[in-house]
Amino acid sequence: MFRMIKHQFGKASIRSWAIRSWATANALGMYTKDALDALRGERSGLRPCSLDLPFETRCGALPDEPPPLPSKFGVYDTRLARLVWMMLDELETPIIDAVARWGPARVAVLLGTSTGGIAVTERAYSSYREHGVLPFSFDFARQHAFHAALELVRTRTAIAGPGYVVSTACSSGAKLLASAVRLLATNMVDAVAAIAVDTLCHTTIRGFAGLELLSADMCKPFSRERNGINIGEGAAMVLLDRDLDADVFLLGVGESSDAHHMTAPDPDGAGAKLAMLSALEQAGMTPADVDHVNAHGTGTVLNDESEARAILAVLGRDVPVASTKGYTGHMLGAGGLVEVVFAIASLLDDFIPVSLGSEPFDATLGITVNTQATTRRVRTVLSNSFAFGGSNVATLLGTGS
Amino acid sequence: MLPRPDVCVAARLLGFGICCPEQQELAQSLAQWLGTRSVLTSAEAELLPIRARKRTSLLTRMTIAALAQASRESGVSTSDSPIVFGSAYGEIATTVTLLDSVHAGEPRLSPLRFHASIHNTAVGQVSIACGNRRPCTAIAAGSCTAAMTVLEALTMVVRHQTRVLLVLADETSPPPFTACGSSLAIALAFEPMASAVAHPCVTTARIGPMHRKVATLSWQPPGSLRSNPVAAALCVVRHFVGQRSGSVPLELMAPSENDHDLGSSAGAYEPWHVELLFES
């Protein structure tokens, strides 16, 4: 239930935000139900990559092609925009209800993405290099630019409150929840449509290949055989509301910077610890309250080691940890919010996902990785997202009961 | 009409930094228009180690130069304050070098360029160089970028009761793109209203949704800066420098030019406005 306890430092009141509706599309399924059924059924969505690449890797590609936008929105048509449109197919009604209830200017739209429409820009730019002009159909502002999808959401839902894109690489999808909480807590808005989306493209896959972080095979988070990540694509949407009546609540969003290195995590997980502690502090909770951690768990040697240290230091060795990267791949800017939807499923169905690919698990990490199907009471889930530039986010969700 | 008081966030603006690095003449006319001599004309990212400086884009360097200036002027630390970065198009020059590599069929992109292409490159670099472990974020909102970045920064000031550094920057779009005509970075330093720190020019900034339409900006920045999405924040600096009171419309989520061909739903709503109110 909603709590209004004075913060221990007297700075801010503790309160939680209702999550009334959610949706996701990713390698596990084009619609929320399919994706969550596959998660429960321990079916991986990783498959050989369909992009023309000069090396072996697996990808968390969508199982089907997202349908094109209606023709009058053709100028916005990118794979990213199509995914956003699909999310709206599932959540249009609750968003329109929120707009009707609070008024158009009291609802915000926040979008998390790291790639924007660059998949289209890659093709347009190649065409420019070959023919000296960009294709006639290419529109930089409405396809490449981050804000293009915001315009699309506004047009379809009549949301007229603040709208912006949060882009902090691989933490974007969780980071935008921190912005959402700020908008709600300062009473700037009453509801926030939070959307995160990224699509497969050459720039990110070849970029991670350049960093030698890609696994040629299925990723193995927290396994002693882990050897890199699989890139995925996907989208998620969550509708936050100041209303008190809901089954799931956003309890806290902790943020920090590593101040260590652009692409490598702080080995001790110092930044990750700060983010997790901040999420707990905002929620007025103790480490013992956390029933499950949906880890960032990308499957690289250093990331998993650093994250395990942070989890061990903050939450101890017994909390069941799972990485869902073995199902979806690393969805970059979309990952944080898709995993929030997975955390919601854990809370509502009292299950902890099997950490697919974690066997044989790395006992030196010292944490408890959930390698068997587990059904138990789940009241609070912590979801981690970390990114280049040392951007860390820990999101705390609960049933509130 | 003033915003409803319950939908305002207030903070004190303590100082600014500006970097206009490409043309001396433009920087001079900007300085004249703003009424200040402190417009940086070279993008020196002195906060970064020398080796790191050479590898960074103009966007990152001018962002850091403006931040450092705002920090010096205001006393708001780059090592212990959250930093909010706003840019409509981000690291577009670096991104174009990656597009060249992809076009050339390179299997593996340069790791340095790849991580320098992310939207949060500049704040990541500053946080590393200054040992800053506070939350830093990077946002974009097209022509509303200045307004939305200010909104993000002010909600951060109020929610977390902390000083915040904000920096807006967009660089000249490299060919074949033409979205932004001239590079510009603007940094602002804010502190919570409750903390009473004496400062020669105390100014209040408030922000909220306006329930009326603001048609156009009543001012124009010089020349090619007009196409820079973050130039909308120049009027904040002008008000601050001139110690003017009154309101500054920051952006305008006015329906964009193309809305008429998107059917009747777009443009039918009351848009959100961000307006800073200065009280001397």
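Going along each chain's sequence as written, the residues are numbered from 1 onward. Each chain takes a letter, starting from A, and each ligand takes a number, starting from 1, following the order in which they are written. Two thresholds apply to this predicted model, a pLDDT of at least 70 for residue-level local features and 80 or more for giving and counting side-chain atom pairs, whereas whole-chain, interface and lining totals are computed over all residues.

### Thoughts on the overall build of chain B
Here is step 1 of the chain: Looking only at helices and strands, one finds 8 helices and 8 strands in chain B.
Here is step 2 of the chain: Per-residue burial for chain B yields a buried fraction of 56% across its 280 residues.
Here is step 3 of the chain: Of the contacts formed within chain B by residues at least 6 apart in sequence, a portion of 75% connects residues at least 24 apart. Working definition: helices are DSSP H or I runs of at least four residues, strands are E runs of at least two. Numbering for both runs from the N terminus. Partly exposed residues are those whose C-beta has more than 12 but fewer than 20 other C-beta atoms within 10 Å; with 20 or more the residue is buried, with 12 or fewer it is exposed, and the C-beta atoms are placed from the backbone. Throughout, a residue-residue contact means that the two C-beta atoms, derived from backbone geometry, are no farther apart than 7 Å.

### A few points about the overall build of chain A
Here is step 1 of the chain: Scanning chain A from terminus to terminus reveals 11 helices and 18 strands.
Here is step 2 of the chain: Projecting the C-alpha coordinates of chain A onto the three principal axes gives extents of approximately 60 × 50 × 40 Å.
Here is step 3 of the chain: For chain A, long-range pairs separated by at least 24 residues make up 79% of all intrachain contacts whose partners lie at least 6 apart in sequence.

### Quick word on the nonpolar core
Here is step 1 of the chain: Linking buried Ala, Val, Leu, Ile, Met, Phe, Trp, Tyr and Cys residues through C-beta atoms within 7 Å yields a set, and such a set is a nonpolar core. Ranked by internal contacts, the top residues of the largest apolar core, which has 234 residues, are Val84, Ala194 and Leu240 of chain A together with Ile186 of chain B.
Here is step 2 of the chain: Of all the elements, helix α2 (residues 79-102) of chain A adds the most residues to this core, at 11 residues.
Here is step 3 of the chain: Here Val84 of chain A is in contact with Ala149, Leu152, Val153, Ile195, Val197 and Ala235 of chain A, once residues within four sequence places are set aside.

### As for the sheet that holds strand β5 (residues 58-60) of chain A
Residues and elements named next belong to chain A.
Here is step 1 of the chain: Should DSSP find at least two bridges between two strands, the strands are taken to pair. The strand order across the open sheet built from 3 strands is β4-β5-β9, with neighbouring strands paired in mixed fashion. Strands with a single pairing partner mark the edges of an open sheet, and in this sheet they are β4 (47-48) and β9 (231-232).
Here is step 2 of the chain: Judged from the 2 bridges that link them, β4 and β5 form a sheet pairing that is antiparallel. Residue pairing across strands places Arg47 opposite Cys59, the latter belonging to β5.

### A few points about the interface of chain B and chain A
Here is step 1 of the chain: Contacts between chain B and chain A engage 58 residues on the former and 63 residues on the latter.
Here is step 2 of the chain: Contributions of two or more residues to the side of chain B that touches chain A are made by α4 (92-103), α5 (111-115), α6 (121-130), β3 (136-140) and α7 (145-160) of chain B.
Here is step 3 of the chain: At 7 residues, α7 of chain B tops the list of elements feeding residues into the side of chain B that touches chain A.
Here is step 4 of the chain: Per-class residue counts for the side of chain B that touches chain A are 33 nonpolar, 17 polar and 8 charged.
Here is step 5 of the chain: In terms of strand pairing, strand β7 (residues 163-166) of chain A meets β3 of chain B through 2 bridges, oriented antiparallel. Across the sheet, the residue bridging to Val165 of chain A is Ala140 of chain B, located in β3 of chain B. Residue classes follow a fixed rule: Ala, Val, Leu, Ile, Met, Phe, Trp, Tyr, Cys and Pro count as nonpolar, while Asp, Glu, Lys and Arg count as charged, and any other residue, Gly among them, counts as polar.

### Here's the deal with the environment of Ala308 of chain A
Residue and element names in this part refer to chain A.
Here is step 1 of the chain: Note that Ala308 resides in helix α9 (residues 301-315).
Here is step 2 of the chain: Take Ala308: there are 23 C-beta atoms within 10 Å of it, and that puts it in the buried class.
Here is step 3 of the chain: Distance from Ala308 to Leu110, taken between C-alpha atoms, is 30 Å for residues 198 residues apart in sequence.

### Some remarks on helix α8 (residues 234-241) of chain B
Residues and elements named next belong to chain B.
Here is step 1 of the chain: Summarising burial for α8: 6 of the 8 residues are buried, a large majority.
Here is step 2 of the chain: For α8, the complete set of buried residues consists of Leu234, Cys235, Val236, Val237, His239 and Phe240.
Here is step 3 of the chain: Positive phi appears at Gln243, one or two residues downstream of α8, with a value of about 50°.

### A look at the confidence of the model for chain A
Here is step 1 of the chain: Across the chain, each position has a pLDDT score giving the predictor's confidence in that residue, from 0 to 100. For chain A, per-residue confidence averages 94 on the pLDDT scale, and residues scoring 70 or more make up 97% of the total.
Here is step 2 of the chain: The low-confidence segment residues 1-12 of chain A, where pLDDT is below 50, has 18 contacts with residues more than four positions distant or belonging to other chains.

### Structural notes on the pairing of strand β2 (residues 83-86) of chain B
All names here are of chain B.
Here is step 1 of the chain: The alternating pattern of β2 places Ile83 and Phe85 on one face and Val84 and Gly86 on the opposite face, and all of these are buried.
Here is step 2 of the chain: Where β2 lies against β3, 4 bridges are found, and the strand directions are parallel. Paired with Val84 across the bridge in β3 is Thr137.
Here is step 3 of the chain: Bridge count for β2 against strand β4 (residues 164-170) is 4 bridges, and the pairing is parallel. Residue pairing across strands places Val84 opposite Leu166, the latter belonging to β4.

### Digging into helix α7 (residues 202-210) of chain A
Here is step 1 of the chain: When you tally the buried positions in α7 of chain A, you get 9 out of 9 residues, the bulk of the element.
Here is step 2 of the chain: Taken as a whole, α7 of chain A has its buried residues at His202, Thr203, Thr204, Ile205, Arg206, Gly207, Phe208, Ala209 and Gly210 of chain A.
Here is step 3 of the chain: Along its buried surface, α7 of chain A packs onto α3 (118-131) and β9 of chain A together with α4 and α5 of chain B.
Here is step 4 of the chain: Count one or two residues on from α7 of chain A and you reach Glu212 of chain A, which has phi positive near 55°.

### Description of the packing of α3 of chain A against α4 of chain B
Here is step 1 of the chain: Between N-to-C directions, angles cover 0 to 180 degrees, with each direction set by a line fitted to C-alpha atoms, over the stretch in contact for helices. Following both chains from N to C, one finds α3 of chain A and α4 of chain B inclined at 75°, their axes separated by 9 Å at the closest point. By the angle between their directions, the pair α3 of chain A and α4 of chain B is classed as roughly perpendicular. The segment α3 of chain A lies against α4 of chain B, with Thr121, Glu122, Tyr125, Ser126 and Arg129 of chain A engaging Leu99, Val102 and His103 of chain B.
Here is step 2 of the chain: Per-class residue counts for the contact of α3 of chain A with α4 of chain B are 3 nonpolar, 3 polar and 2 charged. Under this scheme an angle from 65 to 115 degrees is roughly perpendicular, one under 35 degrees roughly parallel, and one over 145 degrees roughly antiparallel; angles in between are oblique.

### Things to note about the packing of helix α6 (residues 172-185) of chain A against α7 of chain B
Here is step 1 of the chain: Orientation of α6 of chain A relative to α7 of chain B, taken along the N-to-C sense of each, is 70°, at an axis distance of 9 Å. By the angle class used here, α6 of chain A and α7 of chain B are roughly perpendicular. Taken as a pair, α6 of chain A and α7 of chain B cross one another with a handedness that is left-handed. Taken together, the residues of α7 of chain B that come into contact with α6 of chain A (itself represented by Ser179, Arg182, Leu183 and Ala185 of chain A) are Glu152, Thr155, Met156 and Arg159 of chain B.
Here is step 2 of the chain: The class makeup of the residues in the contact of α6 of chain A with α7 of chain B is 3 nonpolar, 2 polar and 3 charged. Crossings are assigned a handedness: left-handed for a near helix turned anticlockwise from the far helix by less than a right angle, right-handed for a clockwise turn.

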